[in-house]
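# Fold and geometry: a report
Residue strings, one per chain:
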Number of protein chains: 2
Amino acid sequence: MRPALDPALYLVTDTELSRPRAVADIVRAAVAGGVTAVQVRDKTASRRELYALTLAVREALAATPGVALFVNDAVDVALLAGADGVHIGQDDLPPAEVRALLGPDRLLGLSAGSAAEMAATLALPAGTVDVVGIGPVWSTPTKPDAGTGLGPEGVAALSGQARAAGLRTVAIGGIDAARAASVSGVDGICVVSAICAAPDPEAAARELRSALATAVTP
Amino acid sequence: MRPALDPALYLVTDTELSRPRAVADIVRAAVAGGVTAVQVRDKTASRRELYALTLAVREALAATPGVALFVNDAVDVALLAGADGVHIGQDDLPPAEVRALLGPDRLLGLSAGSAAEMAATLALPAGTVDVVGIGPVWSTPTKPDAGTGLGPEGVAALSGQARAAGLRTVAIGGIDAARAASVSGVDGICVVSAICAAPDPEAAARELRSALATAVTP
């Protein structure tokens, strides 16, 4: 059975943007402010560093069991660290293979940034993917390789296809509290810098939460 | 049960040095020339690329079942690609954790480049590690972060400790056919550029094999 997942306000961590604060401290504050899911992402960390980082974030989430913990890309790290799931992009291991390694009791998130990628996602066997990260909504400096933005309408259109197939969706890319209200038709929003670079991550999360009533359409 | 391992002439692949030839073609030629074990290493590849590369190398080894296939660092890729084992460095996932993920039926190699790293290796539970990569023997441009060389005597001393504990050893770092004869006290030698950058990888492997009578002490 899959762990519970509430993707409403989904934080993707960024070690650089968090400095000089520890990622785990940002996560703790963000969850206090209303973050409902966390993905540990650090493309420059060695696997050992990513493992240590994931364990630290897991510890930070110990008091809030409903908050799902994902690891970006590294299936081995996710398994070892006892994370709830893995999030993969289009350049990572293929989704069906990752699901085979994960087994049925973990969550799998997949990025889709175009109609073709969404079609490929929807063609996967049922139960492979749980949540689709759709974006970028707007182009973003934290992921310069992610292409130009789909815009809120583009995200809503792709999200509609995924939701019709029973998948959950989150919008990602350039979302902050001001822009969150213009996102709609998704189960949640992902943020990176809007929380990791905020002087007060708890307050930033709270502000994003209050913008969610508009963004997240049940 | 562990797969068979003959570490006598152990090739570590390098995608850049192999160009414009495919790594799998280098491997095929190298095995024809006498390579006995292969490690797929590509620190710049995405996990999906590393997976494809490993599958291609595995295919190249299909006709020679005694040649063990290792994947550098990526435990998930090794498991998915059906490799015989994983090789990890000191910055990768901790050996005991990797062994837990691999189970008892795969090989685990670990790099050790100092007395302290060898002591840590020997302190691991029995059955964690199968083979220790000791080096660099000489400093090498293919691994600029590996420090200055231990020299053949330094390698032989560390190898003696590992072999006394029942582990197998390979020397790595700057070894070519000319230098191979000055390496001793190990179960095998690892090469990268001596084969991957050679105009004729099969001939290069053959030349290294003939130097092994001196290098490899049973």
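Numbers given for residues are sequential positions, taken from 1 along each chain in its written order. In the order they appear in the text, chains get letters beginning with A and ligands get numbers beginning with 1. In keeping with the model being predicted, local features are shown solely for residues with a pLDDT of at least 70 and side-chain atom pairs are shown and tallied solely at 80 or more, while totals for entire chains, interfaces and linings include all residues. For side-chain calculations, the full set of non-hydrogen atoms in the structure is used, while hydrogens and water are omitted.

Where an unreviewed UniProt entry is consulted, chain A appears under the name Thiamine-phosphate synthase, with the organism given as Blastococcus aurantiacus. Per UniProt, the comment on chain A under Function (unreviewed entry) is "Condenses 4-methyl-5-(beta-hydroxyethyl)thiazole monophosphate (THZ-P) and 2-methyl-4-amino-5-hydroxymethyl pyrimidine pyrophosphate (HMP-PP) to form thiamine monophosphate (TMP)." UniProt positions are given in the numbering used here, feature names are shortened, and annotations may be inferred rather than shown by experiment. UniProt, in the comment section headed Pathway (unreviewed entry), describes chain A in these words: "Cofactor biosynthesis; thiamine diphosphate biosynthesis; thiamine phosphate from 4-amino-2-methyl-5-diphosphomethylpyrimidine and 4-methyl-5-(2-phosphoethyl)-thiazole: step 1/1."

The next subject is the pairing of strand β2 (residues 37-40) of chain B. All names here are of chain B. Going residue by residue along β2, you find Ala37 and Gln39 tucked away on one face and Val38 and Val40 tucked away on the opposite face as well. Sheet topology note: the strand β1 (residues 9-12)/β2 ladder contains 3 bridges and is parallel. In the strand pairing of β2, Val12 is matched with Gln39. The criterion for strand pairing is that DSSP finds at least two bridges linking the strands in question. Runs of E in the DSSP output that reach at least two residues are strands. Runs of H or I that reach at least four are helices, and both are numbered from the N terminus. Here β2 pairs with strand β3 (residues 68-72) via 4 bridges, running parallel. Bridge pairing links Gln39 to Phe70 in β3. Regarding topology, helix α3 (residues 47-60) serves as the crossover connection from β2 to the parallel β3, and that connection is right-handed. A simple rule labels every residue: compare its accessible area, found with a 1.4 Å probe on the protein chains alone, to the largest value its type can have, and call it buried under 20%, exposed over 50%, or partly exposed in between. By convention, a crossover is right-handed whenever its connection, traced from the first strand over the helix to the second and viewed with the strands pointing away, goes clockwise.

Now for the relation of the copies chain A and chain B. Both copies of the chain are placed relative to one another by a rotation about an axis and a shift along it. The least-squares superposition of copies is restricted to C-alpha atoms, and to residues with a pLDDT of at least 70 in both copies. When chain A is brought onto chain B, the operation consists of a screw motion whose angular component is 180° and whose axial shift is 0.0 Å, with 0.0 Å RMSD remaining. Taken together, the rotation and translation describe the operation of a two-fold axis. Residue A:Asp76, judged by its C-alpha, is the member of chain A lying nearest the rotation axis, at 2.6 Å. Note on definitions: a residue-residue contact is assigned when non-hydrogen atoms from the two residues lie within 4.5 Å. Taken as a fraction of all interface residues of chain A, those also at the interface in chain B reach 100%, which identifies the copy contact as same-surface.

Time to look at the sheet that holds strand β3 (residues 68-72) of chain A. All names here are of chain A. Here 8 strands make up a closed barrel; going around it, the order is β1-β2-β3-β4-β5-β6-β7-β8 and the pairing parallel. Mean inter-strand twist for the sheet, computed between neighbouring axes without regard to direction, equals 25°. Looking at chain direction, strand β5 (residues 107-112) and strand β6 (residues 131-134) are connected through 4 bridges and run parallel. Looking across to β6, one finds that Leu110 is bridged to Val132. Only C-alpha atoms enter the line fits that serve as axes; for helices the fit covers just the stretch in contact. Angles between N-to-C directions range over 0 to 180 degrees. Its contacts with the sheet place helix α3 (residues 47-60) against β2 (37-40) and β3, and it is angled at close to 170° to β3.

Turning our attention to the UniProt feature "binding site: Mg(2+)" (unreviewed entry) in chain A. Mapped onto this structure's residue numbering, the UniProt feature "binding site: Mg(2+)" (unreviewed entry) falls at A:Asp73 and A:Asp92. The greatest C-alpha distance among the annotated residues, which extend across 20 residues, is 6.2 Å, indicating that they converge on a single site. With respect to the helices and strands, A:Asp73 occurs in the loop between β3 and α4 (75-81). A:Asp73 gets classed as buried once you look at its relative accessible area, which sits at 11%. Among all residues touching A:Asp73, those that are not within four sequence positions of it are A:Lys43, A:Val86, A:His87, A:Ile88, A:Asp92, B:Arg47 and B:Asp76. When its relative accessible area of 6% is taken as the criterion, A:Asp92 is described as buried. When sequence neighbours within four positions are dropped, the list of residues in contact with A:Asp92 reads A:Lys43, A:Asp73, A:His87 and B:Arg48.

It is worth spelling out the interface of chain A and chain B at this point. The accessible area lost on association of the parts is a frequent measure of interface size. Listed as interface residues are 19 residues of chain A and, on the opposing side, 19 residues of chain B. Together, A:Arg47, A:Arg48 and A:Leu93 form the three largest contributors to the area buried by chain A at its contact with chain B, with a combined 36%. Whenever a carboxyl oxygen of Asp or Glu lies within 4 Å of a side-chain nitrogen of Lys or Arg, that contact is scored as a salt bridge. With a closest N to O distance of 3.4 Å, A:Asp73 and B:Arg47 form a salt bridge. As used in this structure description, the phrase polar contact means that two N or O atoms lie within 3.5 Å; if the pair is within protein, one of them must be able to donate a hydrogen and the other to accept it, and residues adjacent in sequence are counted only when both atoms belong to side chains. Counting the contacts that link chain A with chain B gives 17 residue pairs in polar contact (both at pLDDT 80 or more). Within the residue set of the side of chain A that touches chain B, elements represented by two or more residues are α3, α4 and α5 (95-102) of chain A. The greatest single-element share of the side of chain A that touches chain B, amounting to 5 residues, is contributed by α4(A). Each residue gets one label: Ala, Val, Leu, Ile, Met, Phe, Trp, Tyr, Cys and Pro are nonpolar, Asp, Glu, Lys and Arg are charged, and the others, such as Gly, are polar. Of the residues that constitute the side of chain A that touches chain B, the class distribution is 10 nonpolar, 2 polar and 7 charged. Two parts placed together each lose some accessible area under a 1.4 Å probe, and adding up what both lose gives the buried area.

Residues and elements named next belong to chain A. In contact at an axis separation of 9 Å, helix α2 (residues 23-32) and α3 are set at 30° when each is read in the N-to-C sense. Here α3 runs roughly parallel to α2, going by the angle between their axes. Between α2 and α3 lies a crossing whose hand is right-handed. Contacts between α2 and α3 pair Val23, Ala24, Val27 and Arg28 from the former with Leu53, Ala56, Val57 and Ala60 from the latter. Its residues assigned to classes, the contact of α2 with α3 shows 7 nonpolar, no polar and 1 charged. Relative orientations are named as follows: roughly parallel for angles under 35 degrees, roughly antiparallel for angles over 145 degrees, roughly perpendicular for angles from 65 to 115 degrees, and oblique for any other angle. It is the rotation of the near helix from the far one that decides the hand of a crossing: anticlockwise by less than a right angle makes it left-handed, clockwise makes it right-handed.

For the structure shown, the criterion picks out 22 salt bridges over all chains. For the salt bridge of B:Arg19 with B:Glu16, the shortest nitrogen-to-oxygen distance reads 3.0 Å. The same class applies to B:Arg19 and to B:Glu16, which are both exposed. Sharing partners across several salt bridges, the network here consists of A:Lys43, A:Arg47, A:Asp73, A:Asp76, A:Asp92, B:Lys43, B:Arg47, B:Asp73, B:Asp76 and B:Asp92.

Residue and element names in this part refer to chain A. Summarising the element assignment, Val155 is placed in helix α7 (residues 151-164). Given the relative accessible area of 0%, Val155 is considered buried. Excluding its chain neighbours within four sequence positions, the residues that come into contact with Val155 are Ile134, Val137, Leu150, Ala171 and Val186.

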